Amino acid sequence: MTMFLEGFKANKTPNTVNQKDTTKLGTLEIPSIGIGTISWSSSSLTTLENLELQQLVKGAYNENSAFFDTAERYGSHLKAAIGLGWGETESMLQKLLRAETKNVKESEQKLEPVVATKFTPSPWRSSVQSVVDACEDSRKRLGVEQIDLYQLHMPDIVQPLKRFGIGSNKNEIYWEGLAECYKRGLVKNVGVCNYGPTLLSQCQEALAKHNVPLASNQIAYSLIGRHNGAQETVDKCNELGIKVLAYYPFAMGLLTGKYSKESLASLDESLSTSTKSALEIKDLKTYADDIGPLLEEMEIISKRRGKTLAQIALNYVICKGAVPIPGSRSIRQLKDNIGAMNWRLSASEIRTLEAKADGVGFEGAGFKRTSEKFVGYGVEKWTLD
């Protein structure tokens, strides 16, 4: 079976509501597309409420697409901006899911909702117990006995005193912490984020000493995000049986057709009315000329298949053996994303798209980068090597 069909369990008839297009992640059966929650925020300053998100969760559950990726550090925008609000998105997700699943009939054939969350490496977290404690806190906020997938948010790069020769790498400690969470039954599966082939192999070997499998690796990956070790990492994960979860599958909107390719003027107009920052707008403009031929090819395929550009972008990631995790805040976005399921691009379409995408290396925009993070005192980077 080719990579283009790997994990494709859907029925032959496309776009039928409630069909199951799923793949395996560790012990889990998950939808082939996830739902990113980093942009979720309560519509109330005092309670965790958002009607639009409730509709999204309801729609995801009803259409067998309820795979949510969150993190302990995600919270309401204002609080998150000043370093507060940790755990709010986990708590909100628990509340929204409980409202949708409490009255489910046993006769209804629905995929169980799956929730993945993340531990944030920090200078003050320097022991195995710190991972266990954080996992317990996330588990309680999510309202579950076991977390479906518990991930390390990134390698241990946040070391503000390393320039003074103070501090040490805690990756191995965190791996031990993941193993301890698994052995205690706090989590069903463990994963990592932003690991390249070398670190990935080291982590897998360390976990294997405890008989703990490494289930996933979440990285930035898209049609124009295959450089800087990303494609090599996907290939290594596929070889090792580690499922790749792909964030930025739309390259911050560049692959959705949201930004016009005809002229910089129309690009300026569409960006000025978006929620993106001025710095993000400035950076996204630099891709306008190079991405034009690729968008034209995507439009040809989308018209032939009756799909949107966003659906082409997501389906490409699925065809490469990864699970795209687009951020979703509305039922409209969810429905469009679901339209990328239950069908696959052909091998020839993928070759054509990749030929047009070669040379367009997406690095991110503003402070949102594919291989670095702004951490308060400055920018720290990682490499997929």
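Above this text sits the structure in question.
Residues numbered from 1 in each chain as written. Predicted model: local features only at pLDDT ≥ 70, side-chain atom pairs only at ≥ 80, totals over all residues. Heavy atoms only, no water.

### What about the pairing of strand 9 (residues 243–247)?
Along strand 9, five of the five residues are buried, which leaves the element largely enclosed by surrounding structure. Direction of pairing for strand 8 (residues 214–220) relative to strand 9: parallel, over a ladder of five bridges. Looking across to strand 9, one finds that Ile-219 is bridged to Ala-246. Running through helix 7 (residues 230–240), the crossover from strand 8 to the neighbouring parallel element strand 9 is right-handed. (Buried < 20%, exposed > 50% of the residue type's maximum accessible area, 1.4 Å probe, protein only. Helix = DSSP H or I, 4+ residues; strand = E, 2+ residues; numbered from the N terminus. Pairing = 2+ DSSP bridges. Right-handed = clockwise from strand over helix to strand, strands pointing away.)

### Structural notes on the nonpolar core
In this structure, Trp-40, Phe-68, Tyr-150, Ile-224 and Met-298 are the most contacted members of the largest nonpolar core, which totals 91 residues. When residues in this core are grouped by element, the largest group, nine residues, is from helix 11 (residues 309–319). Setting aside chain neighbours within four positions, we find Phe-68 in contact with Ile-35, Thr-37, Trp-40, Leu-56, Val-57, Ala-60, Leu-93, Leu-97, Val-114, Val-115 and Ala-116. The next biggest cluster of nonpolar side chains, apart from the first, holds 11 residues, and it includes Ala-116, Leu-149, Ala-215 and Ile-325. (Core = buried A, V, L, I, M, F, W, Y, C linked by side-chain atoms within 4.5 Å. Contact = heavy atoms within 4.5 Å.)

### Considerations on the sheet that holds strand 5 (residues 114–119)
Taken together, eight strands build an open sheet; the order of strands is 3-4-5-6-7-8-9-10 and the sheet is parallel. Only two strands of the sheet have a single neighbouring strand rather than two, namely strand 3 (35–36) and strand 10 (322–324). Note: strand 9 against strand 10, three bridges, orientation parallel. Pairing of Val-244 across the sheet is with Ala-322, part of strand 10. Contacting strand 7 (190–193) and strand 8, helix 6 (residues 197–208) runs over the sheet at an angle of about 160° to strand 8. (Axes fitted to C-alpha atoms, helices over the stretch in contact; angles between N-to-C directions.)

### Re the packing of aromatic side chains
For the structure on display, the rule yields seven aromatic pairs. Aromatic pair Phe-367 and Phe-374: ring centres 5.1 Å apart, planes at 45°, arrangement tilted. Look at Phe-367 and you get exposed, because its relative accessible area is 57%. By relative accessible area, Phe-374 is classed as partly exposed at 43%. In this structure an aromatic cluster arises from ring pairing among Tyr-247, Tyr-248, Tyr-287 and Phe-362. (Phe/Tyr/Trp six-rings, centres within 6.5 Å; stacked < 30°, edge-to-face > 60°.)

### Re unusual backbone geometry
Even without glycine at this site, Asn-64 takes up a positive phi of about 55°. Tracing the backbone through its elements, the reader meets Asn-64 in the loop between helix 1 (51–62) and strand 4 (67–69). Residue Asn-64 is classed as buried on the basis of its relative accessible area of 2%. The phi torsion at Met-252 lies on the positive side, around 55°, for a residue other than glycine. Here Met-252 is to be found in the loop between strand 9 and helix 8 (264–272). Judged by its relative accessible area of 10%, Met-252 is buried.

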